[in-house]
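# Descriptive structure summary
What follows is each chain in one-letter form.
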Amino acid sequence: MPSSPDHGDSDSYAAMLAAVQSFHDKHNFKARGGEDLVYRVALMAEELGEIGACVTKGKPPEQLAEECADLLILLLGTGISANVDLNAAFWRKMDELMARPAREVNGRVRVSRFDGVKEPT
Ligand SMILES: [Mg+2]
């Protein structure tokens, strides 16, 4: 029986980032255009479209999860490509979001700065 790959601490950001770095290294993304940011934005848009199709076509949740994973892997790889620390950026942004107000816009909650937007009466 084939054994599953060892994912180390699969809940850790560091393990996920290391796995994506290994993927980039395996296919030599850096030397072959795989870390070009414009190309990566196009790939992320493609995956976002696949996520949208899952929702609008009523695909099963497992397929939605797979497409979200595709996008997450691309996001982690874009952090590698741009040499930015997405772990730090995530927590910085999360703290900011937690401090922001929420409003209902067209029947849906929206958390934003609402700069220059009047409070609804
Ligand atoms: Mg996909």
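Residues numbered from 1 in each chain as written. Predicted model: local features only at pLDDT ≥ 70, side-chain atom pairs only at ≥ 80, totals over all residues.

### Looking at the overall build of the protein chain
- The helix and strand inventory of the protein chain stands at four helices and two strands.
- Computed over the C-alpha atoms, the radius of gyration of the protein chain is 18 Å, more than 25% above the 14 Å expected from 2.2 N^0.38 for a compact globule of 121 residues.
- Summarising its shape, the C-alpha atoms of the protein chain cover approximately 60 × 35 × 30 Å along the three principal directions.
- For the protein chain, with 121 residues in total, the buried portion stands at 5%. (Helix = DSSP H or I, 4+ residues; strand = E, 2+ residues; numbered from the N terminus. Rg over C-alpha atoms; globule rule 2.2 N^0.38 Å. Buried ≥ 20, exposed ≤ 12 C-beta atoms within 10 Å, placed from the backbone.)

### Let's talk about the domain arrangement of the protein chain
- When cut into domains, the protein chain gives domain 1 (13-84) and domain 2 (86-121).
- Taking only C-alpha atoms into account, the centre of domain 1 sits 25 Å from that of domain 2. (Domains from an automatic or database assignment.)

### Some thoughts on the pairing of strand 2 (residues 108-111)
- Relative to strand 2, strand 1 (residues 102-105) runs antiparallel, the two sharing four bridges. Counterpart to Glu104 in the pairing with strand 2 is Val109.
- Counted along the chain from strand 1 to the antiparallel partner strand 2, the turn is two residues long, and its residue Asn106 has a positive phi close to 50°. (Pairing = 2+ DSSP bridges.)

### Here's the deal with helix 3 (residues 61-82)
- Look at helix 3: 31 Å from first C-alpha to last across 22 residues, which is about the 32 Å you get at 1.5 Å a residue.
- Turning to helix 3, its buried residues number three or more, namely Leu74, Leu76 and Gly77. Down the axis of helix 3, the sector holding all buried residues measures 165°, keeping them to one side. More than 90 degrees from the buried face of helix 3, the exposed residues found are Pro61, Ala65 and Ala82.
- Those residues of helix 3 that are buried lie in contact with helix 1 (13-26), helix 2 (37-56) and helix 4 (86-99).
- Backbone geometry just after helix 3 places Asn83 at a positive phi near 55°. (Expected span 1.5 Å × (residues − 1). Arc of directions from axis to C-beta. Contact = placed C-beta atoms within 7 Å.)

### Quick look at helix 1
- The terminal C-alpha atoms of helix 1 lie 20 Å apart, and with 14 residues this matches the ideal 20 Å at 1.5 Å per residue to within 8%.
- Of the residues one or two after helix 1, Asn28 is the one with positive phi, at around 50°.

### Here's the deal with the packing of helix 1 against helix 3
- Orientation of helix 1 relative to helix 3, taken along the N-to-C sense of each, is 75°, at an axis distance of 9 Å. With respect to each other, helix 1 and helix 3 are oriented roughly perpendicular. Residues Met16, Leu17, Val20, Gln21 and His24 of helix 1 pack against Ile73, Leu76, Gly77 and Ile80 of helix 3.
- By residue class, the composition of the contact of helix 1 with helix 3 is six nonpolar, three polar and no charged. (Axes fitted to C-alpha atoms, helices over the stretch in contact; angles between N-to-C directions. Parallel < 35°, antiparallel > 145°, perpendicular 65-115°, else oblique. Nonpolar A, V, L, I, M, F, W, Y, C, P; charged D, E, K, R; others polar.)

### Looking at unusual backbone geometry
- Even without glycine at this site, Asn106 takes up a positive phi of about 50°.
- Tracing the backbone shows Asn106 in the loop between strand 1 and strand 2.
- Asn106 sits in the exposed class, given 5 other C-beta atoms within 10 Å.
- Notably, Phe114 is not glycine yet its phi reads approximately 55°, a positive angle.
- Here Phe114 is to be found in the segment after strand 2.

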